[in-house]
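The residues making up each chain are set out below.
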Amino acid sequence: MKCLHVIPWYFPSFIYGGPIYSSAALCKTLATNGIDVTVITTTANGKVELDVEVGIPHLIEGVKVLYFKRITKDNTHFSPGLLSYLWKHAGDYDVIHIHSLWNFVSVFSLIICALKGIVPIVSPRGMLSDYVINTNHSFQKKILHYFLSKRTLSKVKFHATADTELVEIRKVFPASDVIVIPNILLEIDDVKVERQEKNTDVTNIIFLSRVDPKKGIELLLKALSEIQWGYHLTIVGSGSVEYLNSLQQCATSLGITENVTWAGPIYGHEKYELLSNSDLMALTSYNENFGNIVLEALVCGTPVLLSDKVGLSTYVEKKQLGWICSTECSVITDTLNQFHKEIEKQKKIREIAPQSIKTDFGADTLLKSYLNMYNN
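Note that this is a predicted model, so its numbers are computed, not measured.

Colleague: Can you walk me through the sheet that holds strand β1 (residues 2-7) in this structure?
Modeller: Two modes of strand pairing occur in sheets, parallel and antiparallel, and in both the strands are linked by backbone hydrogen bonds. Within the open sheet, the eight strands sit side by side as β5-β6-β2-β1-β7-β8-β9-β10. Their pairing is mixed. Looking at which strands have only one partner, the edges of the open sheet turn out to be β5 (57-60) and β10 (177-180). With strand direction ignored, the average angle separating the axes of adjacent strands in the sheet is 25°.

Encoded structure:
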């Protein structure tokens, strides 16, 4: 089987979080298991370009990757070279899998597939949620959706990473063909970090993700300011200087500066060690199509507190591996207090969560589902 993956952003090493990591991990897993995988992507590396030779195959972690220059230096990622390759070679592949939406790479790839009579698999990566459609250039998204995507997306096979994303897709395309398969996280099977003994009654709470307005960090800060028991919040991740400053000002105005540590980005073993020695991982996002960090925390035995907008919230609620709340500050505060009282539930989660995650989200288990999707 020959699979072509269209990924708007450059194809990285496997050290990042979010949709880039998820797409890359899927491609590596497929290639490791004998599937002929090719990735076409751009040199997009934030606001600068990746310094790499374009238009020729590069072998990265066993995956053949072709990079193409982009003309636009923003999130539209317009790349005539990539689209030209797809137009010439689309018929050479058994499966075409397009990752993300609302950029020229994805939209025009959809049009090329439609013109060629090819039904691609599309992973929206949360891009069809109300939150995403109605924020950050919402007018342009709606125009693209009406004139281009709506006509082409009604004929594709959608891949959702969680039940909540399936609901988002069906809201826009009620009759769409959607299959739900979680993200593959390559480290899940190998995480072996032991929890250290605590010598304090302070509850260690961690936020570990991209520091972005959609993550609802202000909600968490305001909710914590109403807490009457001892806690310390560690915020791990990178974001814009302006937004980080606004969050720090928020913490100051709430009078909780001494209760918050701004750790910056942390990766690899240090990340899992930090998660293992936290009492709770909190993610009160306005929108999260999956939430890799949820699995990363639970595989360490760390309970989670999630908003009901996080894709994995339904799984966590079903398995009783954490606490679920809305995105109202008062509700978040009440849920935090509930967590603090339920000591026995915390202990049970630390015992059962690691094996539960490895069983339900191991790469071998999920690989079979992806192969079935491609074969069908």
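Colleague: Looking at this structure, I do not really get the packing of helix α7 (residues 217-224) against helix α8 (residues 241-254). What am I missing?
Modeller: In helix packing, the relevant descriptors are the interaxial angle and the interaxial distance, both defined with respect to the helix axes. One way to put it is that α7 packs onto α8 with a least axis distance of 10 Å and a crossing angle of 15°. If you check the angle between α7 and α8, you find them roughly parallel. As for the relative orientation of α7 and α8, their crossing is right-handed in sense. For the pair α7 and α8, contact is made by I217, E218, L221 and K222 and by Y243, L247, C250, A251 and L254, respectively. The residue makeup of the contact of α7 with α8, split by class, is seven nonpolar, no polar and two charged.

Colleague: Where do I start with the environment of P57 in this structure?
Modeller: By the secondary structure assignment, P57 is in strand β5. Distance in space between the C-alpha atoms of P57 and I40 is 9.3 Å, their sequence separation being 17 residues. In contact with P57, not counting residues within four places along its chain, are K64, V65 and L66.

Colleague: Which parts of the structure should I look at to understand α7?
Modeller: With six of eight residues buried, α7 is to be regarded as a mostly interior element. Taken together, the buried positions of α7 are occupied by I217, L219, L220, L221, A223 and L224. Contacts made by the buried residues of α7 are with β11 (203-208), β12 (231-236), α8, β13 (260-264), β14 (280-283) and α12 (329-341).

Colleague: Where do I start with the pattern of salt bridges in this structure?
Modeller: One side chain can pair with another of opposite charge once the charged atoms of both are near each other. Overall, the coordinates contain eight salt bridges when judged by the stated rule. The salt bridge partner of R210 is D212, with a shortest N-O separation of 3.0 Å.

Colleague: Honestly, the side chain of S109 in this entry has me stumped. Any pointers?
Modeller: Note that S109 resides in helix α3 (residues 104-116). Given the relative accessible area of 0%, S109 is considered buried. With residues near it in sequence (within four places) discarded, S109 still touches V6, L82, L83, L86, I98 and F104.

Colleague: Even after reading the chapter, I still don't get unusual backbone geometry, so can you show me in this structure?
Modeller: Trans is the prevailing form of peptide bonds, just as negative phi is the prevailing case for residues other than glycine. For S100, which is not glycine, the phi dihedral falls at a positive 80°. A relative accessible area of 3% means that S100 is categorised as buried. Positive phi is not limited to glycine here, since R125 has a value of about 55°. Relative to the helices and strands, R125 is located in the loop between β8 (121-123) and α4 (130-133).

Colleague: Honestly, the pairing of strand β16 (residues 322-325) in this entry has me stumped. Any pointers?
Modeller: It is a general feature of regular strands that their side chains alternate between the two faces of the sheet. Note that strand β15 (residues 304-307) and β16 share four bridges and pair parallel. Bridge pairing in β16 links L305 to W323.

Colleague: Please clarify how the environment of N375 should be interpreted in this entry.
Modeller: Here N375 lies in helix α14 (residues 363-375). With relative accessibility at 55%, the residue N375 sits in the exposed group. Taking C-alpha positions, N375 is 8.9 Å from D94, a pair spaced 281 residues apart along the chain.

Colleague: When you look at the packing of aromatic side chains in this model, what are you seeing that I'm missing?
Modeller: Each aromatic ring pair is described using two quantities: the centre-to-centre distance and the angle formed by the ring planes. In total, this model carries eight aromatic pairs according to the counting rule given. Ring geometry for F68 against Y85: centres 5.8 Å apart, planes inclined by 45°, an arrangement best described as tilted. Residue F68 is located in strand β6 (residues 63-68), and its partner Y85 is located in helix α2 (residues 80-89); the two are separated by 17 residues in the primary sequence. An identical accessibility class is assigned to F68 and Y85; each is buried.

Cut-offs and rules
- Residues numbered from 1 in each chain as written.
- Predicted model: local features only at pLDDT ≥ 70, side-chain atom pairs only at ≥ 80, totals over all residues.
- Heavy atoms only, no water.
- Pairing = 2+ DSSP bridges.
- Helix = DSSP H or I, 4+ residues; strand = E, 2+ residues; numbered from the N terminus.
- Axes fitted to C-alpha atoms, helices over the stretch in contact; angles between N-to-C directions.
- Parallel < 35°, antiparallel > 145°, perpendicular 65-115°, else oblique.
- Left-handed = near helix turned anticlockwise from the far one by under 90°.
- Contact = heavy atoms within 4.5 Å.
- Nonpolar A, V, L, I, M, F, W, Y, C, P; charged D, E, K, R; others polar.
- Buried < 20%, exposed > 50% of the residue type's maximum accessible area, 1.4 Å probe, protein only.
- Salt bridge = Lys/Arg side-chain N within 4 Å of Asp/Glu carboxyl O.
- Phe/Tyr/Trp six-rings, centres within 6.5 Å; stacked < 30°, edge-to-face > 60°.

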